[in-house]
Amino acid sequence: MTGKTHLTLGILIGIVFSSFFANLSIYQYLLIILITAGSSLLPDVDTDSSFIQYKVRGWGRPALTQWFINYKNRKTLLGTLFYIVLSFIELIIRAILIAAFGIVAKLVVHRSVTHYLLSLLLIFILLVTISLYGKINIIYSVFFFIGYLSHILGDMLTRSGVKIFFPMSKRNFHLLPVKYRLRTGVVVSKEEYLIIGIGLLITTTLVIFNLARFKLI
Ligand SMILES: [Zn+2]
């Protein structure tokens, strides 16, 4: 299963589950999708060749800042000033992420500690504790959990499986019978295109439903 498939599943899950919450504002809704998208990629920080590592390393320039402050705005003094400050912040954050992800990739064996249910539960408890102390809505931690879990379950569809119950069991667990398991690798397989296709279809339907809900269409 590739990073793109994980990301599709993460975004899809964010959209599907957030649709059950009637009182979300549009910002909360967007933030939730951003969280599930990020957390669905996070377990693969344990490998240099993952989508998330590639994306973080791959930004040659302050891509987010450039997107936020376009070329035209940079011609004004205020725009240039904002651009300098924001790109500085972005590059610092990126440098920290590259260093942190690099260390994790070196120290951690692929599909080990970042793919254990126990690790996810510990991260979740930490996030809930931070949320309670910081008076942040707990819903974000729940969606982080869901997005992250979608990655682990996604990897369990593949041939190599996941040691999800480590250290209780050292076995690789799978969700599918041997015949139907997906290949692991960089290339998106036919089955994954099918998952992505169905995912995009459901996503589009729900996005339209949600746009109507927020009275944007
Ligand atoms: Zn993985």
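Another point: the overall build of the protein chain. Looking only at helices and strands, the protein chain features eight helices and zero strands. In sequence order, the secondary structure elements of the protein chain are arranged as α-α-α-α-α-α-α-α. Its C-alpha atoms give the protein chain principal-axis dimensions of about 60 × 45 × 40 Å. For the protein chain, the proportion of its 217 residues judged to be buried stands at 27%.

Quick look at the packing of helix 1 (residues 3-18) against helix 8 (residues 190-213) now. The contact between helix 1 and helix 8 brings their axes to 9 Å, and the two run at 25°. As the angle between them shows, helix 1 and helix 8 are arranged roughly parallel. Every pair of crossing elements has a handedness; the one defined by helix 1 and helix 8 is left-handed. Counting all contacts with helix 1, which are made through T5, T8, L9, I11, L12, I15 and V16, the residues of helix 8 involved are E192, I195, I196, G199, L200, I202, T203, L206 and V207. Class assignment of the residues belonging to the contact of helix 1 with helix 8 gives a composition of 11 nonpolar, four polar and one charged.

Because each turn of an α-helix spans 3.6 residues, side chains separated by three or four positions end up pointing in the same direction. In this model, helix 6 (residues 117-134) (18 residues) spans 25 Å end to end at C-alpha, consistent with the 26 Å of a helix rising 1.5 Å per residue. Little of helix 6 is tucked away: one of the 18 residues are buried. At the C-terminal side of helix 6, K135 shows a positive phi close to 55°.

Structurally, the position occupied by K72 is in the loop between helix 4 (63-68) and helix 5 (77-107). Judged by the 8 C-beta atoms lying within 10 Å of it, K72 is exposed. Once the C-alpha coordinates of K72 and V128 are considered, the two residues, 56 residues apart in sequence, prove to be 42 Å apart.

With that settled, the discussion passes to the environment of I123. One can find I123 in helix 6. On the neighbour-count criterion, I123 (17 C-beta atoms within 10 Å) is partly exposed. A C-alpha to C-alpha distance of 31 Å links I123 and S189, two positions 66 residues apart in sequence.

Where helix 1 meets helix 7 (residues 139-155), the closest approach of the two axes is 9 Å, and the angle between their N-to-C directions is 140°. The orientation of helix 1 with respect to helix 7, classified from their angle, is oblique. Crossing of helix 1 against helix 7: the hand is right-handed. Seen from helix 1, the contacting residues are T5, H6, L9, G10, I13, G14 and F17; seen from helix 7, they are F143, I146, G147, S150, H151 and G154. When its residues are assigned to classes, the contact of helix 1 with helix 7 shows five nonpolar, eight polar and no charged.

Moving on to unusual backbone geometry. Of the consecutive residues F166 and P167, the connecting peptide bond is found in the cis state with omega at 5°. With respect to the element layout, P167 can be found in the loop between helix 7 and helix 8. The backbone of R111 shows a phi angle near 60°, a positive value even though the residue is not glycine. As for its position among the elements, R111 is in the loop between helix 5 and helix 6.

The subject of this paragraph is the confidence of the model for the protein chain. In this model, the protein chain carries a mean pLDDT of 87, and residues with pLDDT of at least 70 account for 97%. Mean pLDDT values over the elements of the protein chain span from 80, in helix 3 (residues 51-58), up to 96, in helix 6.

A few words on the environment of K4. For K4, the location among the structural elements is in helix 1. Exposure remark for K4: the 15 C-beta atoms within 10 Å place this residue in the partly exposed category. It is 9.4 Å that separates the C-alpha atoms of K4 and E192, two residues lying 188 residues apart in sequence.

Criteria and thresholds
Residues numbered from 1 in each chain as written. Predicted model: local features only at pLDDT ≥ 70, side-chain atom pairs only at ≥ 80, totals over all residues. Helix = DSSP H or I, 4+ residues; strand = E, 2+ residues; numbered from the N terminus. Buried ≥ 20, exposed ≤ 12 C-beta atoms within 10 Å, placed from the backbone. Axes fitted to C-alpha atoms, helices over the stretch in contact; angles between N-to-C directions. Parallel < 35°, antiparallel > 145°, perpendicular 65-115°, else oblique. Left-handed = near helix turned anticlockwise from the far one by under 90°. Contact = placed C-beta atoms within 7 Å. Nonpolar A, V, L, I, M, F, W, Y, C, P; charged D, E, K, R; others polar. Expected span 1.5 Å × (residues − 1). pLDDT = per-residue confidence, 0-100.

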